[in-house]
Amino acid sequence: MIDVLGNLSQFYIRCGYTDMRKQIDGLAAIVQSQVEMEEGMLFLFCGKRADRIKGLFWDGAGYVLVYKRLSNRRFQWPRNEEELKQITPQEYRWLMEGLSIYQSKAIRPTEKKPVF
């Protein structure tokens, strides 16, 4: 998948299975029913085989469809829901590297404490 991370402001994944035969109009219908569109949004979809994902990028004027297929691995895709889940830029990077978005040993940001 093209890393357009600098142009993206929000990342969403559709948890569960998506029919990967859907093209741009079918995927757009899924997200339009759940989210108010804003420029810089990326929506990711994964099928049962979990070796490929489709991304739908909204650039403000229209959709861009991107596709990534892994040759010998599977994406660690959350399967427990049928809704859109917003993820952080770091979780997006993990997903693109074949990792789970739920990293148990990741250092989470904490509140800044005043230094005396």
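I will try to describe carefully the structure that is included in this document. None of these values were measured; they are calculated from a predicted model.

Overview of helix H2 (residues 89-96)
Part 1 of the reasoning: For H2, the full list of buried residues reads Glu91, Tyr92, Trp94, Leu95 and Met96.
Part 2 of the reasoning: If you follow the buried residues of H2, they end up packed against strand E1 (10-14), strand E2 (41-46), strand E3 (52-58), strand E4 (63-69) and strand E5 (84-87).
Part 3 of the reasoning: Of the residues trailing H2, glycine 98 is marked for its positive phi of about 85°.

Notes on the pairing of E2
Each regular strand displays side chains that alternate between the two surfaces of the sheet.
Part 1 of the reasoning: Among the 6 residues that make up E2, 6 are buried, leaving the element largely enclosed by the rest of the structure.
Part 2 of the reasoning: The alternating pattern of E2 places Met41, Phe43 and Phe45 on one face and Leu42, Leu44 and Cys46 on the opposite face, and all of these are buried.
Part 3 of the reasoning: Pairing of E1 with E2, which is carried by 4 bridges, proceeds in the parallel orientation. Along E2, the bridge assignment pairs tyrosine 12 with phenylalanine 43.
Part 4 of the reasoning: Handedness of the crossover joining E1 and E2 through helix H1 (residues 24-32): right-handed.
Part 5 of the reasoning: By the bridge criterion, 6 bridges tie E2 to E3 in an arrangement that is antiparallel. Bridge pairing links phenylalanine 45 to lysine 54 in E3.
Part 6 of the reasoning: What sits between E2 and E3 in their antiparallel hairpin is a turn of 5 residues, with alanine 50 showing a positive phi close to 60°.

Quick notes on the rules
Residues numbered from 1 in each chain as written. Predicted model: local features only at pLDDT ≥ 70, side-chain atom pairs only at ≥ 80, totals over all residues. Heavy atoms only, no water. Buried < 20%, exposed > 50% of the residue type's maximum accessible area, 1.4 Å probe, protein only. Helix = DSSP H or I, 4+ residues; strand = E, 2+ residues; numbered from the N terminus. Contact = heavy atoms within 4.5 Å. Pairing = 2+ DSSP bridges. Right-handed = clockwise from strand over helix to strand, strands pointing away.

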